[in-house]
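One letter stands for each residue in the lines below.
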Amino acid sequence: MTVRHRNLTVDWLGYATARLESTAGTVVYTDPGRYGVLDGQHPKDGHLVVVTHGDHYDSDGIERVARQDATVVVFEGVDAERIDREVRPVEELPYEVLRCSDDDYLTVDLESDGGPTTVDVWTVPAYNRPDGPCADADGTVPHPEGEGCGFRLAIDGTTVFWPGDTDALDGLAELEVSLLLANIGGSVVMDRHAAAELAERMDPDLVVPIHYDTFDLLAADDEAFAADVARRSVPVALDRPE
């Protein structure tokens, strides 16, 4: 089911892959690919693709969704040599590639179907705290600080936030966003309870949960999450992959 929000349509394709399209024709993908979420699909319609960290880097997925003239924004720490899968090095992607830190602001000029446009891209840190809910007893975490980022995007006037793989860090609540793509999978990221609390603090116009139920480690009750968020007077919509 496609979710409609202001001038955007939102489709969660599975795992961390969301497709956002504005009424002006600008198409943006978050973290495309992995775990078969794009099997049989080659839309090649994305003007902008953003990649939060190495776990979500899938060069094949990017090539399935990106237009020939696409821009791909990739966190600076993504390194094909450190990924235990067969992927093309970032620098060899056949697109304009921009690297970002976890504290960046970029303006990306695109030629969308509606004509020239600019997507503003802000990045924020994304990580698990050593004393947080995803940490082992010795403080070891799945996503250490400095190895990933989240993205706040302004797409033809509507702001969207994809936190990436992270705890519900305090600073995230300070962001002003219209659409929150909430990461609710738990175990290695914030769970549905923490995500609901974050949604209440951020107070976006709409919350759409993603990055859950792809495999057992990310199992989450999306209906319970939606009910929790709604009780906090924050609009929420579910979009389950087909």
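Residues numbered from 1 in each chain as written. Predicted model: local features only at pLDDT ≥ 70, side-chain atom pairs only at ≥ 80, totals over all residues. Heavy atoms only, no water.

> Describe the sheet that holds strand 13 (residues 206-210), listing the residues and the values that go with them.
Reading across the sheet, the 6 strands line up as 8-9-10-11-12-13 and stay open at both edges, with mixed pairing between neighbours. With partners counted over all chains shown, the strands left at the sheet margins are strand 8 (105-112) and strand 13, one partner each. With strand direction ignored, the average angle separating the axes of adjacent strands in the sheet is 20 degrees. Bridge count for strand 8 against strand 9 (residues 115-125) is 8 bridges, and the pairing is antiparallel. (Pairing = 2+ DSSP bridges. Helix = DSSP H or I, 4+ residues; strand = E, 2+ residues; numbered from the N terminus. Axes fitted to C-alpha atoms, helices over the stretch in contact; angles between N-to-C directions.)

> Describe in detail the sheet that holds strand 5 (residues 46-51), supporting the description with residues and values.
Spatial strand order, 1-2-3-4-5-6-7: 7 strands in an open sheet with mixed pairing. Of all the strands in the sheet, just strand 1 (3-5) and strand 7 (96-100) have a single pairing partner and so form its edges. For this sheet, the mean inter-axis angle between neighbouring strands, taken without regard to orientation, is 20 degrees. Where strand 4 (residues 27-30) lies against strand 5, 3 bridges are found, and the strand directions are parallel. Counted as the bridge partner of Thr 30 is Val 50 from strand 5.

> Give a detailed account of the pattern of salt bridges, specifying residues and quantitative values.
With the rule as written, the count across this model stands at 14 salt bridges. One salt bridge in this structure joins Arg 99 and Glu 91, with 2.9 Å as the shortest N-O distance. Here Arg 240 ties to Asp 222 by a salt bridge, and the two come within 2.7 Å at their closest N and O atoms. Taken as a pair, Arg 240 in the segment after helix 3 (222-231) and Asp 222 in helix 3 lie far apart in primary sequence, 18 residues in all. When its relative accessible area of 6% is taken as the criterion, Asp 222 is described as buried. (Salt bridge = Lys/Arg side-chain N within 4 Å of Asp/Glu carboxyl O. Buried < 20%, exposed > 50% of the residue type's maximum accessible area, 1.4 Å probe, protein only.)

> Go over the packing of helix 2 (residues 192-202) against helix 3, please, and point to the residues and values.
In a packed pair of helices, the relevant descriptors are the angle between the two axes and the axis-to-axis distance. Interaxial distance between helix 2 and helix 3 falls to 9 Å at its minimum, and their mutual angle equals 25 degrees. Classified by the angle between their axes, helix 2 and helix 3 sit roughly parallel to one another. Considering the relative orientation of helix 2 and helix 3, their crossing is right-handed. Contacts between helix 2 and helix 3 involve Arg 192, Ala 195 and Ala 196 from the first element and Ala 224, Phe 225, Asp 228 and Val 229 from the second. Of the residues assigned to the contact of helix 2 with helix 3, the class counts are 5 nonpolar, no polar and 2 charged. (Parallel < 35°, antiparallel > 145°, perpendicular 65-115°, else oblique. Left-handed = near helix turned anticlockwise from the far one by under 90°. Contact = heavy atoms within 4.5 Å. Nonpolar A, V, L, I, M, F, W, Y, C, P; charged D, E, K, R; others polar.)

> Requested: an account of the nonpolar core, with residues and values cited.
With 77 residues, the main nonpolar core has Leu 48, Tyr 57, Ile 62 and Leu 181 as its most contacted residues. Per element, the largest residue contribution to this core is 6 residues, and it comes from strand 6 (residues 66-75). Residues in contact with Leu 48, not counting those within four places in the same chain, are Val 27, Val 28, Tyr 29, Thr 71, Val 73, Val 108, Leu 110, Val 119 and Val 121. (Core = buried A, V, L, I, M, F, W, Y, C linked by side-chain atoms within 4.5 Å.)

> Outline unusual backbone geometry, supporting the account with residue identities and numerical values.
One non-glycine residue, Arg 34, lies in the positive phi region at around 75 degrees. You can see Arg 34 is positioned in the loop between strand 4 and strand 5. The class of Arg 34 is buried, set by a relative accessible area of 17%.

> Would you mind going over the packing of aromatic side chains in detail, with residue names and values included?
Taken as a whole and assessed by the stated rule, the structure comprises 5 aromatic pairs. Between the aromatic rings of Tyr 15 and Phe 215, the centroid separation amounts to 6.2 Å while the plane-to-plane angle is 45 degrees, which identifies the pairing as tilted. Separated by 200 residues along the polypeptide, Tyr 15 in the loop between strand 2 (8-14) and strand 3 (17-22) and Phe 215 in the loop between strand 13 and helix 3 bring together distant segments of the chain. Look at Tyr 15 and you get buried, because its relative accessible area is 5%. Since its relative accessible area comes to 27%, Phe 215 is described here as partly exposed. Each member of the aromatic cluster is reached from another via a ring pair, and the members are Tyr 15, Tyr 35 and Phe 215. One Lys or Arg, Arg 152, reaches over the ring of Trp 122 and ends 4.5 Å from the middle of that ring. (Phe/Tyr/Trp six-rings, centres within 6.5 Å; stacked < 30°, edge-to-face > 60°. Lys NZ or Arg CZ within 6 Å of the ring centre and 35° of its normal.)

> Outline the side chain of Asp 45, listing residues and values.
Structurally, the position occupied by Asp 45 is in the loop between strand 4 and strand 5. Here the side chain of Asp 45 touches Arg 19 through a polar contact of 2.9 Å, side chain to side chain. A polar side-chain atom of Asp 45 sits 2.7 Å from a polar atom in the side chain of Tyr 29. (Polar contact = N/O pair within 3.5 Å; in protein donor to acceptor, adjacent residues only side chain to side chain.)

> I'd love a proper account of helix 3, names of residues and values included.
Residues Asp 222, Phe 225, Ala 226, Asp 228 and Val 229 constitute the buried set of helix 3. When helix 3 is viewed along its axis, its buried side chains cluster within an angular range of 165 degrees and face the same direction. For helix 3, the exposed residues set more than 90 degrees away from the buried face come down to Glu 223 and Arg 231. If you follow the buried residues of helix 3, they end up packed against strand 12 (179-183), helix 2 and strand 13. The opening residue of helix 3, the one whose side-chain oxygen lies 3.2 Å from the backbone nitrogen of Glu 223, is Asp 221. Backbone geometry just downstream of helix 3 places Ser 233 in the positive-phi region, at approximately 65 degrees. (Arc of directions from axis to C-beta.)

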